[in-house]
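# Architecture and fold: a report
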Amino acid sequence: MMKPRINYSEVAPEAVKAMVGLEKYMENSGLERPLYELVKLRASQINGCAYCIDMHTKDARKAGETEQRLYALNAWRETPFYSERERAALAWTEELTVISENDVPDSLYEHVGTYFSEKEMIALSMAVIAINGWNRLAIGFRTVPGTYEPR
């Protein structure tokens with residue numbers, strides 16, 4: 001059985017408060033909640049963060065996401081279930097999540113720019129930054145999956 005290493009919320013509440021501040025920015029950024037949930041879930045899938053996958057599937061369901069779209073998210077390119085705006089966001093999410101393996105191509109930047117304003121592109125990027133940070137905390141300190149309950 002997996003055992004947690006550190007409860008980072010208890011040990012460094014000011015660090016978590018800073019991360020929560022970024023989440024508050026995201027809530028008021030104008031990005032649609034379903035889109036934001038898809039971004040968080042897709043990055044968590046790429047990073048293999050079981051705790052965050054559990055959390056964000058629960059949050060997405062609570063926000064009205066369908067089972068079909070949740071189940072197909074890791075194969076989003078091969079399905080008709082996502083809008084062009086969502087597809088652009090998912091492609092951007094993937095590129096920024098694995099940034100050490102690639103360069104974000106101009107063609108992707110331009111494509112995303114057809115569906116997102118500059119301010120929205122920054123918000124989308126901040127969403128990716130935030131979830132990648134949470135993934136690294138949860139994976140590094142072995143936050144136990146299955147313990148999260150949506151509010």
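As the structure is a computational prediction, the values presented were derived from the model and not from experiment.

### Looking at the nonpolar core
Membership of the largest hydrophobic core comes to 27 residues, with the highest contact counts inside it found for Leu31, Leu73, Trp92, Val112, Phe116 and Leu124. The residues touching Leu73, leaving out its near neighbours within four places in the chain, are Leu38, Leu41, Arg42, Gln45, Tyr82 and Leu90. Formed by 12 residues, the second largest nonpolar core is a distinct cluster that contains Met19, Cys49, Tyr51 and Cys52.

### Things to note about the pattern of salt bridges
Once their charged atoms are close, side chains differing in charge can pair, the charge on each being opposite to the other. Counting across every chain of the model gives 11 salt bridges. For the salt bridge of Arg85 with Glu32, the shortest nitrogen-to-oxygen distance reads 2.7 Å. Taken together, the residues span a long stretch of sequence, with Arg85 in helix α6 (residues 84-97) and Glu32 in the loop between α2 (13-27) and α3 (33-47) at a distance of 53 residues. On the basis of relative accessibility, which here comes to 33%, the residue Glu32 falls in the partly exposed class. In this structure, Arg61 and Glu67 form a salt bridge, with 2.5 Å as the shortest nitrogen-oxygen distance. Arg61 sits in the partly exposed class, given a relative accessible area of 36%. We classify Glu67 as partly exposed; its relative accessible area is 30%.

### What about unusual backbone geometry?
Even without being a glycine, Arg142 presents a positive backbone phi close to 55°. Relative to the elements of secondary structure, Arg142 occurs in the segment after α8 (118-140).

### As for the packing of aromatic side chains
Counted by the stated rule, this structure contains 3 aromatic pairs. Centroid distance Tyr8 to Phe141: 6.1 Å. Interplanar angle 45°. Geometry classified as tilted. With Tyr8 in helix α1 (residues 8-11) and Phe141 in the segment after α8, this pair connects stretches of sequence that are 133 residues apart. For Phe141, a relative accessible area of 27% puts it in the partly exposed group. The ring of Phe116 carries the charged tip of Arg85 above its face, separated from the ring centre by 4.0 Å.

### A few points about the side chain of Glu65
Mapped onto the secondary structure, Glu65 falls in the loop between α4 (50-62) and α5 (67-72). Polar contacts involving the side chain of Glu65 include one to the side chain of Arg69, which spans 2.4 Å. Once you skip the residues sitting within four places of it in the chain, Glu65 turns out to touch Pro34, Leu38, Ala60 and Leu70.

### Re the environment of Asn132
Tracing the backbone through its elements, the reader meets Asn132 in helix α8. In this structure Asn132 comes out as buried when scored by relative accessible area, which is 8%. Along the primary structure Asn132 and Asp54 are separated by 78 residues, whereas in three dimensions their C-alpha atoms are 15 Å apart. Contacts of Asn132, omitting those with residues within four sequence positions, involve Ala43, Asn47 and Thr97. Side-chain polar atoms of Asn132 contact the side chain of Thr97, separated by 3.1 Å.

Cut-offs and rules
Residues numbered from 1 in each chain as written. Predicted model: local features only at pLDDT ≥ 70, side-chain atom pairs only at ≥ 80, totals over all residues. Heavy atoms only, no water. Core = buried A, V, L, I, M, F, W, Y, C linked by side-chain atoms within 4.5 Å. Buried < 20%, exposed > 50% of the residue type's maximum accessible area, 1.4 Å probe, protein only. Contact = heavy atoms within 4.5 Å. Salt bridge = Lys/Arg side-chain N within 4 Å of Asp/Glu carboxyl O. Helix = DSSP H or I, 4+ residues; strand = E, 2+ residues; numbered from the N terminus. Phe/Tyr/Trp six-rings, centres within 6.5 Å; stacked < 30°, edge-to-face > 60°. Lys NZ or Arg CZ within 6 Å of the ring centre and 35° of its normal. Polar contact = N/O pair within 3.5 Å; in protein donor to acceptor, adjacent residues only side chain to side chain.

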